[in-house]
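Close look at the chain arrangement
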Amino acid sequence: MSDGAMAEYLLKILIVGDGNVGKSSFVHRYVDGQFSRSYKMTVGVDFSVKLLHWSDKEQVRLQLWDVAGQERFISMTRIYYRGALGCVVMFDVTSSSSFLSCRHWKQDLDNKAMLLNGDSIPCILLANKCDLSQRVVSSESIDKFSKANGFMAWMETSVKENKNIGEAMRMLVQEILSVRSGLDGLEPRPEGCVSPQLDSEFSSGGCC
Ligand code: GDP
Ligand code: MG
């Protein structure tokens, strides 16, 4: 009804983690509402868009970057991280190696992407495939790891059973938007921050 009053935020969100943990299935489920059993190893980077009606006055356009082609942790190019405002780090609760890799994924992220005030970008840790009984990673160790490595939160998910998918993304978006209001609000801007826009409130951490 009231055109022009709607604010739209464009948020680039990265989905990282070892191969086979469920990243592409997660994006597919979240964006298209489906789970497909077939396993197709994506090559390169796929990105999908989802429009969220956040409130009466705000909508959020999520750009989900699904990295692919890697079995294990690889250091990503800075270009991939550029402009990212949030991140999902995912592992498979039946694979301890995928859990161990999360440390590297998070460190790589923190080395290459940060807000202009120096804070790391909001990042949620997802323990996927919680529908499977042969789980090898305990909640205690996930909790400890999550706190020690600067994640905003962690959650168990099952893309297969559609458990916590929307919830996890809502939590992440909420955090991104509250970081935004902190930076954009009436408080003085962090030193050296000249950009008025969220989209550019990002530093590549270097000169290039
Ligand atoms: P990616 O390499 O991280 O993108 O992983 P994929 O999305 O390709 O998923 C790898 C495999 O795990 C596929 O066979 C999926 O069907 C399966 N998978 C993904 N999520 C779940 C889940 O929550 N539970 C179970 N049981 N299988 C899942
Ligand atoms: Mg994939």
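Our structure is the block above this text.
All of these numbers come straight from a predicted model, not from anything done at the bench.

1. A closer look at the site of ligand 1
Not every one of the 19 residues close to ligand 1 is listed here, only the nearest: N20, K23, S25, D131 and V159. In the model, an oxygen atom of ligand 1 is placed 2.9 Å from a nitrogen or oxygen of the S24 main chain. Side-chain polar atom of N128 to a nitrogen atom of ligand 1: 3.2 Å apart, as the coordinates give it. If ligand 1 stood free it would expose 580 Å²; the protein chains cover 89% of that surface. The element best represented in the shell around ligand 1 is helix α1 (residues 23–32), accounting for 3 residues. Here the residues of the shell around ligand 1 are counted per class, giving 5 nonpolar, 8 polar and 6 charged.

2. Things to note about unusual backbone geometry
At K129, a residue that is not glycine, the phi angle is positive and equals roughly 70 degrees. When you line up the elements, K129 lands in the loop between β5 (123–128) and α4 (139–148). Non-glycine residue N164 carries a positive phi angle of around 65 degrees. You can see N164 is positioned in the loop between β6 (153–156) and α5 (165–184).

3. A short note on the packing of helix α3 (residues 96–112) against α4
Contact geometry for α3 and α4: axes closest at 11 Å, N-to-C directions at 5 degrees. The pairing of α3 with α4 is recorded here as roughly parallel in orientation. Contact residues: α3 offers F99, C102 and R103, while α4 offers S141, I142 and F145.

4. What to know about the packing of aromatic side chains
Under the definition given, this model contains 5 aromatic pairs. Cation over ring: K12 sits above W65, and NZ or CZ is 3.7 Å from the ring centre. A cation sits over an aromatic face here: K50 above Y30, 4.7 Å from the ring centre.

5. Section: α1
Each α-helix winds once per 3.6 residues, and so residues spaced three or four apart point in a common direction. Every buried residue belonging to α1 is among K23, F26, V27, R29 and Y30, and all of these are buried. An end-on view of α1 places all buried positions within 165 degrees of arc, on one side of the element. At the exit of α1 stands G33, carrying a positive phi of roughly 70 degrees.

6. Comments concerning the nonpolar core
Considering soluble globular proteins, one finds that nonpolar side chains tend to be buried as a cluster. Membership of the largest hydrophobic core comes to 54 residues, with the highest contact counts inside it found for L11, I13, L14, F26, L62, V89 and F91. When residues in this core are grouped by element, the largest group, 8 residues, is from α5. Setting aside chain neighbours within four positions, we find F26 in contact with I15, M90, L126, V159, I165 and M169.

About the thresholds
- Residue numbers here run from 1 along each chain, matching the order of that chain's written sequence.
- Chains and ligands are labelled by the order in which they are written, letters from A for the one and numbers from 1 for the other.
- Thresholds applied to this predicted model are a pLDDT of at least 70 for local features of residues and 80 or more for the giving and counting of side-chain atom pairs; totals over whole chains, interfaces and linings are not thresholded and use all residues.
- To get the side-chain values, take all heavy atoms of the structure and skip hydrogens and water.
- The near set for a molecule or strand comprises every residue that places at least one heavy atom within 4 Å of it.
- Any pair of nitrogen or oxygen atoms within 3.5 Å is treated as a polar contact; in protein, a donor-acceptor pairing is required on top of that, and neighbouring residues in sequence qualify only through side-chain atoms on both sides.
- All accessible areas in this document rest on Shrake-Rupley with a 1.4 Å probe, and a residue is counted as covered only by the protein chains that are shown.
- Strands are runs of DSSP state E lasting at least 2 residues, helices are runs of H or I lasting at least 4, and numbering of each runs from the N terminus.
- As a working rule, the residues Ala, Val, Leu, Ile, Met, Phe, Trp, Tyr, Cys and Pro are called nonpolar, Asp, Glu, Lys and Arg charged, and the rest polar, with Gly in that last group.
- An axis is simply a line fitted to the C-alpha atoms; with a helix, the fit covers only the stretch in contact. Between two such axes, the angle follows the N-to-C directions and lies from 0 to 180 degrees.
- Relative orientations are named as follows: roughly parallel for angles under 35 degrees, roughly antiparallel for angles over 145 degrees, roughly perpendicular for angles from 65 to 115 degrees, and oblique for any other angle.
- Should any heavy atoms of two residues lie within 4.5 Å, those residues are counted as being in contact.
- Only rings of Phe, Tyr and Trp enter the pairing, Trp through its six-membered ring, and a pair is recorded when the two centres are within 6.5 Å. The plane angle decides the type: under 30 degrees is stacked, over 60 is edge-to-face, the rest tilted.
- Each ring is checked for a lysine NZ or an arginine CZ that lies within 6 Å of its centre and within 35 degrees of its normal; such an atom marks a charge sitting over the ring.
- Accessibility here uses a 1.4 Å probe with only protein chains present; expressed as a share of the type maximum, an area under 20% marks a residue as buried, one over 50% as exposed, and anything in between as partly exposed.
- An arc is given here, and it is the one of the directions from the helix axis to the C-beta atoms.
- Throughout this description, the term nonpolar core refers to a set of buried Ala, Val, Leu, Ile, Met, Phe, Trp, Tyr and Cys residues connected via side-chain atoms within 4.5 Å.

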